[in-house]
Amino acid sequence: MMLGVERTQENEVLALLKKAVETWNKGLAVDTAKKALDMGIDPYEAIENGLCQGMTGISDAFNEGRIYLPQVLAASEAMDSAIAIFEPALAGKFLPYKGVVVIGTVQGDIHEIGKNVVTAFLRGAGYAVFDLGKDISPEEFLLAAREKGADVIGASALMTTTLVGQRRIIEQLNEEKLFRIKTIFGGACCTHRWVKDIGGDAYCACGAEVANKIDQLLLE
Ligand code: B12
């Protein structure tokens, strides 16, 4: 009985996180994220089944013309503020690090929420992640990968026009004969087929799967 009550309370908090993003309510997002942590809700669960669900609602509303870019931006700020609350609870539990990942959003593309979610999840899974931010050129990815001794480069692309940035990273790695470094790609317009075509090592559609995929890559 008690467990049932806890599950209901957890569902209510997940629904509130979703609502906070859908209504671009930063205060509600931050307060609910703190409440979720206090209640002992798994931060992965809170991000995937709360915040990310809210962003799906925002995507639908945007696609249907019910909201416009300023609202989408405000929703993404609410999402980022809540992720910042969860991040310390995710990170640093599994030292020493399992590997080094350099991550960023490709050149010409300023979408970063998905990349931020992936970064938070990977840190939580025990990877040292260097987040280069958005609008990152292939040269910047390679420079950082060399400097940080990366095992993996992860790159996000959200637009059909910027997907090519992922291919340019592979070309650059091949040019510099850095075959040791693996690649993993994601983002709304990225597909398994595309990653196969450009010779990438892995495609990941969802943040929840990314750590397992990289674990596998590093075993190969
Ligand atoms: C939020 C958003 C914005 C925000 C971004 C804020 C920010 N700080 O990131 C703002 C308002 C700034 C914005 C701007 C623009 N946007 Co916009 N935006 C979106 C929207 C609604 C949601 C994206 C999102 O954050 N989703 C939530 C996250 C959690 O999901 P995700 O990104 O898919 O990430 C998950 C997976 O894909 C994967 N993943 C993602 N990255 C990576 C990386 C790695 C390494 C791995 C392993 C996995 C992985 O894991 C993540 C977690 O599960 C999408 C719609 C959509 N359906 O995607 C449009 C969309 C991406 N935008 C679009 C466009 C066109 C633009 C603008 C050009 C609009 C304009 N006219 O000005 C500008 C872009 C300017 C630029 N140069 O980049 C189009 C792209 C169309 C296309 N096919 O090219 C979309 C698809 C909307 C649409 N239907 O038209 N946008």
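Each chain carries its own residue numbering, running from 1 in the written order of its sequence. Only residues with pLDDT of at least 70 get local features here, since the model is predicted, and only at 80 or more are side-chain atom pairs given and counted; chain-wide, interface and lining totals rely on the full set of residues. As a rule here, side-chain values cover all heavy atoms of the structure and leave hydrogens and water aside.

Participant: Mind showing me how you'd approach the site of the ligand here?
Facilitator: A cutoff of 4 Å decides nearness: a residue is near a molecule or strand if any of its heavy atoms lies inside that distance of it. Lining the immediate environment of the ligand, one finds 34 residues, of which Asn 63, Ile 110, His 111, Glu 112 and Ser 156 sit closest. The definition of a polar contact used here is a pair of N or O atoms within 3.5 Å, where within protein one atom must be able to donate a hydrogen and the other to accept one, and adjacent residues in sequence count solely through side-chain atom pairs. A distance of 3.4 Å separates an oxygen atom of the ligand from a polar backbone atom of Ile 113. One nitrogen or oxygen atom from the side chain of Ser 156 is found 2.7 Å from a nitrogen atom belonging to the ligand. Segments assigned H or I by DSSP are reported as helices when at least four residues long, segments assigned E as strands when at least two residues long, and all are numbered from the N terminus. For the shell around the ligand, the secondary structure elements donating two or more residues are helix 3 (43-63), helix 4 (69-90), helix 5 (113-124), strand 3 (152-156) and strand 4 (182-186). Looking at the shell around the ligand, the element that brings in the most residues is helix 3, giving 5 residues. Its residues placed into classes, the shell around the ligand shows 19 nonpolar, 12 polar and 3 charged. Gly counts as polar in this scheme, as do all residues outside two lists: the nonpolar Ala, Val, Leu, Ile, Met, Phe, Trp, Tyr, Cys and Pro, and the charged Asp, Glu, Lys and Arg.

Participant: What am I meant to see in the coordination of the cobalt atom of the ligand here?
Facilitator: Reference values for angles at a metal are 109.5 degrees in the four-donor tetrahedral case and 90 or 180 degrees in the six-donor octahedral case. The donor definition counts N, O and S atoms within 2.8 Å of each metal and applies 3.2 Å to Na, K and Ca; water is not among these atoms, so some sites may look incomplete. Exactly one donor from the protein chain reaches the cobalt atom of the ligand: His 111 (NE2), at 2.2 Å. Mapped onto the fold, His 111 is located in the loop between strand 1 (100-105) and helix 5.

Participant: Quick question: what am I supposed to make of the pairing of strand 1 here?
Facilitator: Consecutive side chains of a regular strand alternate in pointing toward one face of the sheet and then the other. Here strand 1 lies mainly inside the structure; 6 of its 6 residues are buried. When accessible area is computed with a 1.4 Å probe and restricted to protein chains, residues below 20% of their type maximum are described as buried, those above 50% as exposed, and intermediate ones as partly exposed. Alternating residues of strand 1 divide into Val 100, Val 102 and Gly 104 and Val 101, Ile 103 and Thr 105, and every residue in both groups is buried. Here, any two strands with at least 2 DSSP bridges between them count as paired. Pairing geometry for strand 1 and strand 2 (residues 128-131), over 4 bridges, is parallel. Bridge pairing in strand 2 places Val 101 opposite Val 129. Place the viewer so that the strands point away; then a crossover is right-handed whenever the path from the first strand over the helix to the second strand goes clockwise. Running through helix 5, the crossover from strand 1 to the neighbouring parallel element strand 2 is right-handed.

Participant: Is there a simple way to explain helix 6 (residues 138-148) in this structure?
Facilitator: An α-helical segment advances 3.6 residues per turn. Residues three or four places apart therefore align on the same side. Those residues of helix 6 that fall on the buried side of the exposure criterion are Pro 138, Phe 141, Leu 142, Ala 144 and Ala 145. Down the axis, helix 6 shows its buried residues gathered within 165 degrees of arc, on one side only. Turned more than 90 degrees away from the buried face of helix 6, the exposed residues are Leu 143 and Glu 147. Contacts between residues were defined by any pair of non-hydrogen atoms, one from each residue, lying within 4.5 Å. Residues of helix 6 that are buried make contact with strand 1, strand 3 and helix 7 (164-175). The directions considered for the arc are those from the helix axis to the C-beta atoms.

Participant: Looking at this structure, I do not really get the domain arrangement of the protein. What am I missing?
Facilitator: One widely used convention gives an interface's size as the accessible area the parts lose upon coming together. Examined at the domain level, the protein breaks down into domain 1 (2-90) and domain 2 (100-219). Distance from the C-alpha centre of domain 1 to the C-alpha centre of domain 2: 25 Å. Tallying the contact residues gives 11 residues for domain 1 and 12 residues for domain 2. Summed over both partners, the accessible area (1.4 Å probe) lost when two parts come together is defined as the buried area. Taken together, both faces of the contact between domain 1 and domain 2 bury some 920 Å²; the carbon and sulfur share is 69%. In what follows, salt bridge is the name for a side-chain nitrogen of Lys or Arg lying within 4 Å of a carboxyl oxygen of Asp or Glu. The interface formed by domain 1 and domain 2 contains 1 salt bridge. Here the limits of each domain have been adopted from an automatic or database domain assignment.

Participant: Teacher, can you tell me more about the state of the cysteines here?
Facilitator: A disulfide bridge is the covalent bond that connects two cysteines by way of their sulfur atoms. A pair of sulfur atoms, both from cysteines and within 2.5 Å, is called a disulfide here. Summed over the entire model, instances satisfying the criterion amount to 0 disulfides. Cysteine Cys 206 shares no disulfide, and the gap to the nearest cysteine sulfur, in Cys 204, comes to 6.5 Å.

Participant: Just checking my understanding: could you explain helix 3 for this structure?
Facilitator: A helix is expected to span 1.5 Å multiplied by its residue count minus one. With 21 residues, helix 3 ought to run about 30 Å at 1.5 Å a step, and its terminal C-alpha atoms sit 28 Å apart, in line with that. Two axes are fitted around each residue, one to the seven residues ending there and one to the seven starting there, and the angle between them is reported as the bend at that residue. Of all bends in helix 3, the biggest is about 30 degrees, found at Cys 52. Looking at helix 3, one finds that the buried residues are Pro 43, Ala 46, Ile 47, Glu 48, Gly 50, Leu 51, Cys 52, Gly 54, Met 55, Gly 57, Ile 58 and Ala 61. For helix 3, the N-terminal capping position is held by Asp 42, with its side-chain oxygen 3.0 Å away from the main-chain nitrogen of Tyr 44.

Participant: What's the story with the side chain of Lys 115 in this structure? I'm lost.
Facilitator: Along the polypeptide, Lys 115 turns up in helix 5. For Lys 115, a relative accessible area of 2% translates into the label buried. Residues contacting Lys 115, with those up to four places away along its chain left out, are Ile 103, Gly 104, Thr 105, Asp 131, Gly 133 and Ser 156.

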